[in-house]
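Read off the chains here:
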Amino acid sequence: MTARARRALFPEVIIERDTDTEESSDEEEEEEEEEVENDVVEMDDPEVEEVKVKGKEDGGSSTAINIKKGKSPITISLKKVCKVCKKTGHQAGFQGATYIDCPMKPCFLCKLPGHTTVNCPHRAAMEFGVIPASRKRTLNSLDYVFERQMRHKVPSIKPAFVIPDEVNCAVIRYHSRRVTCLEFHPTNNNILLSGDKKGQLGVWDFSKVYEKTVYGNIHSCLLNNMKFSPANDGTVYAASSDGTVSCTDLETGLSTSLMDLNPNGWQGGNSWRMLYGMDLNAEKGLVLVADNFGFLHLVDVRSNSKKGDSILIHKKGTKVVGLHCNPVQPDLLLSCGNDHFARIWDIRRLEVESSLHGLPHSRVVNSAYFSPLSGSKIVTTSIDNRIRVWDSIFGNLDTPSREIVHSHDFNRHLTPFRAEWDTKDPSESLVVIGRYISENYNGAALHPIDFIDISTGQLIAEVMDPNITTISPVNKLHPRDDVLASGSSRSLFIWRPKEKSEIVQEKDERKIIVCDRKNNKKFGDGSDNDDDSGHDDILSKKGKNLKSKSRKPNLVIASCSSSSKKKKKS
DNA sequence: AACGAATGGCGCC
DNA sequence: TGGCGCCCCTTCGT
C-alpha cells in the first residue's frame with residue numbers, strides 16, 4: 001500500500017496545540033493540518049489515549065479554528081494502532097522474537113498479496129523458514145528437453161554436502177565498520193581476507209586466532225570487492241567506493257593504485273565515481289572493474305595502465321555491482337547491476353549494447369556468478385527476494401530455469417546479500433546465502449545462513465548461533481576445506497563441521513573467550529582478558545568451551561538428511 | 001537511553 | 001528528468 005493510500009484510509013486526526021495563536025491564511029491552515037496529522041501518524045506509542053478527531057463532515061474547515069471557536073472536537077481513544085499501516089484492529093511488529101506482518105501489506109517474503117510471511121507458501125515449515133519455490137514450468141517441449149538435458153548433466157548421486165555447523169572461532173571488533181567482502185587465500189588454507197565499509201583490509205590467520213593484520217590506508221571508503229592475483233598469491237586487487245583500484249602486497253601492506261576515477265578529489269556527490277564489481281582475467285592480464293555510472297573499465301596489470309575506453313555496460317547512471325569472468329572461457333564476462341539486468345559479454349568485442357544476453361530481473365541484481373567448474377550455470381541474487389538459476393548451455397536465458405524465494409531484500413545499511421557457490425561441489429548445486437528474515441529460536445530472533453541446493457531448490461541447511469544476533473549478509477565457502485566464513489556487522493566468524501572443530505580443540509589449548517553481546521558478558525574459561533592489551537579486541541571461542549558453559553543446546557540446525565526433520569509441518 | 005546518521009532504492013509528482 | 005519522502009524484521013555512536 002502506498003503512503004498516500006494509507007493516509008487516505010486513516011481518519012483525519014489532529015492534536016490540540018497550545019501554540020496555535022496567530023491568524024493564518026487558508027493555505028497555511030492546510031499546511032498546519034498536514035503537519036499535525038503527521039505528528040499523529042508518527043506516534044509510535046499505542047497507549048496514547050486522548051486525541052481529537054476531526055470528522056469528515058467537517059467539510060475541510062480548520063479544526064484549529066473550531067477549537068478556538070469553542071466547538072468541542074470529537075474525542076476518541078485510539079488503542080493499538082498498527083505501526084505499519086496505522087489502522088486499528090491488528091498490530092505489526094515483533095512479538096517476542098517473532099515478527100508479525102501487517103496484513104495490509106504484501107507478503108514480506110515472496111512479495112505477493114493475499115497472505116503474510118507467516119502463511120507464505122514459500123515458508124510452509126516454520127522451523128525451516130524458507131522453502132524454495134518449485135521450478136517455473138512453461139510446459140512446452142523445449143522446456144521438457146531443457147529439463148531432461150539438465151538432469152543428464154547433474155550427477156545422479158551427489159556427494160553428501162558437508163555443512164559447517166559450529167562456530168569455531170570468532171573475531172569481534174576486528175573491523176570498525178561492517179564487513180563488505182571476504183576472500184580466502186588461494187593457497188594458504190588458514191588465511192581469510194576481509195574488507196569493510198571504511199576501506200580497511202583485514203588479513204586473518206584463523207588457525208592462530210590472534211594473528212591478524214589490518215591495513216587501513218589502502219582505501220578511504222567501502223572496499224567492495226577483492227581478488228587475489230592469479231600470478232602471485234601474495235598480491236590482492238581491490239575495488240573501492242573511493243573510485244580506485246588497489247594492488248596490495250599482503251606481506252608488506254604496500255599498495256599501489258592502478259586507477260583513480262576521482263583524480264580531482266571531491267567535486268560533489270553527483271560526480272563522485274565509485275567502483276563496485278571487479279574480476280580478473282588471468283589470460284589477458286586484465287583487471288575489470290565497473291562503476292556506479294554503468295561503465296566498465298579495463299586495467300592492464302603488466303603495464304599498470306588503463307586499457308581502451310570505458311564502456312557503458314548497464315543503463316547509464318546506474319550502479320554495476322558485480323562482474324565475473326567465466327571460469328572456463330575467461331573472455332565471457334557476466335555483469336549485473338541496478339538496472340535490473342545481469343548481462344553476458346564477450347570482452348573481445350566490447351561495445352555499447354553488444355551484450356550476448358540480458359537476464360531480466362524485476363528489481364536490482366545484487367550478484368551474478370557463473371558456476372565455478374563448468375561455468376555453464378549462472379546464479380543471480382536479486383532484491384526481489386529471489387535467487388535465480390540460469391543455464392547458458394542451451395542459450396535459453398530468457399527465463400531462469402529456477403526461481404527460489406529467499407528473504408534477502410534489505411539493501412539499506414547492510415552489505416547486499418549474495419548467493420555464493422560452493423566451489424568444492426562437483427555437481428555445482430550448492431550455494432550459501434545469508435537470510436534477512438529472522439527465526440524465532442527459543443525466544444531469540446536469529447538470522448540464519450542458508451545452504452541451498454539450486455538443482456532442487458531445497459534448503460539443505462540453515463546455520464545459526466545464539467551469539468550471532470546480527471544479520472550475516474557476507475558469506476564465503478572455503479575453496480578446499482569444509483569451512484564457512486561469515487561477515488556479520490563488524491564481526492568475522494569461521495564455521496566448521498562439529499567433528500573437525502572438536503579435533504582442533506584438542507590440539508589447541510589457547511585461552512578462549514566468548515562474548516555474549518546481548519548481556520555484555522564474557523564467558524568461556526572464566527578468565528577475563530580485558531587487560532590482555534594485545535588482544536583485547538579479539539573475542540574468540542571454540543564450540544566445546546561454549547557448550548560446557550551455560551548455553552542452550554547447540555543451536556545449530558544443520559543437516560544433510562533433512563527427511564527426519566521436516567515432520568512438524570501441519 | 002533516546003536519537004540521529006548512514007549515502008540505498010523506489011515510486012510519486 | 002529530478003527531487004523528495006518513504007521504507008520501517010539495521011547498527012553504531014553520541
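Definitions and cut-offs
- Residues numbered from 1 in each chain as written.
- Chains lettered and ligands numbered in written order.
- Predicted model: local features only at pLDDT ≥ 70, side-chain atom pairs only at ≥ 80, totals over all residues.
- Heavy atoms only, no water.
- Phe/Tyr/Trp six-rings, centres within 6.5 Å; stacked < 30°, edge-to-face > 60°.
- Helix = DSSP H or I, 4+ residues; strand = E, 2+ residues; numbered from the N terminus.
- Buried < 20%, exposed > 50% of the residue type's maximum accessible area, 1.4 Å probe, protein only.
- Pairing = 2+ DSSP bridges.
- pLDDT = per-residue confidence, 0-100.
- Contact = heavy atoms within 4.5 Å.
- Core = buried A, V, L, I, M, F, W, Y, C linked by side-chain atoms within 4.5 Å.
- Polar contact = N/O pair within 3.5 Å; in protein donor to acceptor, adjacent residues only side chain to side chain.
- Axes fitted to C-alpha atoms, helices over the stretch in contact; angles between N-to-C directions.
- Salt bridge = Lys/Arg side-chain N within 4 Å of Asp/Glu carboxyl O.

Focus: the packing of aromatic side chains
(1) Moving on: All told, the structure shown has seven aromatic pairs when counted by the stated rule.
(2) Moving on: Arranged with centres 5.3 Å apart and planes meeting at 85 degrees, the rings of F94 and Y99 form a pair that is edge-to-face.
(3) Moving on: Aromatic side chains F410 and Y436 sit 4.6 Å apart centroid to centroid with 10 degrees between the ring planes, which places their arrangement in the stacked category. Residue F410 is found in the loop between β27 (402–405) and β28 (420–421), and its partner Y436 is found in the loop between β29 (430–434) and β30 (439–441); the two are separated by 26 residues along the sequence.

Some words on the pairing of strand β24 (residues 365–370)
(1) Moving on: Of all six residues in β24, six are buried, a share of seventy percent or more.
(2) Moving on: One ladder, built from five bridges, connects β24 with strand β25 (residues 377–382); its direction is antiparallel. If you follow Y369 over to β25, its bridge partner there is V379.
(3) Moving on: Where β24 hands over to β25, the hairpin turn is made up of six residues, of which G375 adopts a positive phi near 70 degrees.

Some details on the confidence of the model for chain A
(1) Moving on: Taken over all residues, the pLDDT of chain A has a mean of 72, while the share at 70 or more is 66%.
(2) Moving on: The secondary-structure element of chain A with the lowest mean pLDDT is strand β37 (residues 513–516), recorded at 27, while β28 shows the highest, at 97.
(3) Moving on: In the model, residues 1–78 has pLDDT below 50 throughout and makes 86 contacts with residues more than four positions away in sequence or in other chains.
(4) Moving on: Considering only residues more than four positions removed or in separate chains, one finds that residues 124–143, a stretch of pLDDT under 50, has 51 contacts.

A short note on the environment of T213
(1) Moving on: Mapped onto the secondary structure, T213 falls in strand β10 (residues 211–215).
(2) Moving on: Residues T213 and V203, 10 residues apart in the sequence, show an inter-C-alpha distance of 5.1 Å.
(3) Moving on: When near neighbours in sequence (up to four residues on either side) are disregarded, T213 contacts Y174, L201, G202 and V203.

Here's the deal with the pairing of β29
(1) Moving on: A large share of β29 lies buried, amounting to five of its five residues.
(2) Moving on: Judged from the two bridges that link them, β28 and β29 form a sheet pairing that is antiparallel. Looking at the pairing, E420 lines up with V432 of β29.
(3) Moving on: For β29 and strand β32 (residues 449–453), the ladder comprises five bridges, and the chain directions are antiparallel. Residue L430 lies in a different strand from β32, and its bridge partner there is D453.

Concerning the nonpolar core
(1) Moving on: Counting 17 residues, the largest nonpolar core has I163, F451, I460, L484, F493 and W495 as its most contacted members.
(2) Moving on: Elements represented by at least two residues in this core include exactly β6 (166–171), β29, β32, β33 (458–463) and β36 (491–496).
(3) Moving on: Here the element with the most residues in this core is β33; it accounts for three residues.
(4) Moving on: Discounting chain neighbours no more than four positions away, the residues touching F451 are I163, P164, L430, V431, V432, Q458, L459, I460, A461, V463, L477 and L484.
(5) Moving on: Listed in part, the 16 residues of the second largest apolar core include I404, V431, I433 and Y436.

Thoughts on unusual backbone geometry
(1) Moving on: The residue K111 is not glycine, and still its phi comes out positive at about 75 degrees.
(2) Moving on: With a relative accessible area of 29%, K111 lands in the partly exposed category.

Description of the environment of W345
(1) Moving on: When you line up the elements, W345 lands in strand β22 (residues 341–346).
(2) Moving on: Sequence separation of W345 and A238 is 107 residues, and the distance between their C-alpha atoms is 22 Å.
(3) Moving on: Ignoring anything within four residues of it in the chain, the contact list for W345 reads L312, I313, D331, L332, L333, S335, L350, E351, E353, S354, S355 and L356.
(4) Moving on: In terms of polar contacts, W345 uses its side chain to reach the side chain of S335, at 2.9 Å.

Brief notes about the sheet that holds β10
By definition, the strands of a sheet pair up through backbone hydrogen bonds, in either a parallel or an antiparallel sense.
(1) Moving on: Ordered by their spatial adjacency, four strands build an open sheet running β7-β8-β9-β10, and the pairing between neighbours is antiparallel. The outermost strands of the open sheet, each flanked by one partner alone, are β7 (179–184) and β10. Ignoring strand direction, the axes of neighbouring strands in this sheet form an average angle of 20 degrees.
(2) Moving on: Where β7 lies against strand β8 (residues 191–196), five bridges are found, and the strand directions are antiparallel. Bridge pairing in β8 links E183 to L193.

Some details on the sheet that holds strand β14 (residues 255–260)
(1) Moving on: Taken in spatial order, the four strands of this open sheet run β11-β12-β13-β14, and their pairing is antiparallel. The sheet is open, and its two edges are formed by β11 (223–228) and β14, each paired on a single side. Direction aside, neighbouring strands of the sheet carry axes that sit 20 degrees apart on average.
(2) Moving on: Pairing geometry for strand β13 (residues 244–249) and β14, over five bridges, is antiparallel. By the bridge assignment, S246 is partnered in β14 with S257.

Regarding the side chain of T380
(1) Moving on: Assignment of secondary structure puts T380 in strand β25.
(2) Moving on: Those residues in contact with T380 that sit more than four places away from it in its chain are A342, H361, V365, S367, A368, R386, I387, R388 and W390.

A word on the pattern of salt bridges
(1) Moving on: This structure, assessed with the given rule, holds 18 salt bridges.
(2) Moving on: Taking the shortest distance from any N to any O, the salt bridge between D331 and K284 comes out at 2.8 Å. Of the two residues, D331 is situated in the loop between β20 (320–325) and β21 (332–337) and K284 in the loop between β15 (275–281) and β16 (286–291); the sequence distance between them amounts to 47 residues.
(3) Moving on: Judged by relative accessible area, K284 falls into the partly exposed class, the value being 27%.
(4) Moving on: With its nearest N and O atoms 3.0 Å apart, the salt bridge here joins D346 to R349.
(5) Moving on: When its relative accessible area of 56% is taken as the criterion, R349 is described as exposed.
(6) Moving on: When salt bridges with common partners are traced through the structure, they connect K284, D331, D346, R348 and R349 into a single cluster.

Here we look at the side chain of S335
(1) Moving on: Here S335 is to be found in strand β21.
(2) Moving on: A relative accessible area of 0% means that S335 is categorised as buried.
(3) Moving on: Separated by 2.8 Å, the side chains of S335 and H314 make a polar contact.
(4) Moving on: With residues up to four places along the chain from it excluded, the contact list for S335 reads I313, H314, V320, G322, L323, F341, A342, R343 and W345.

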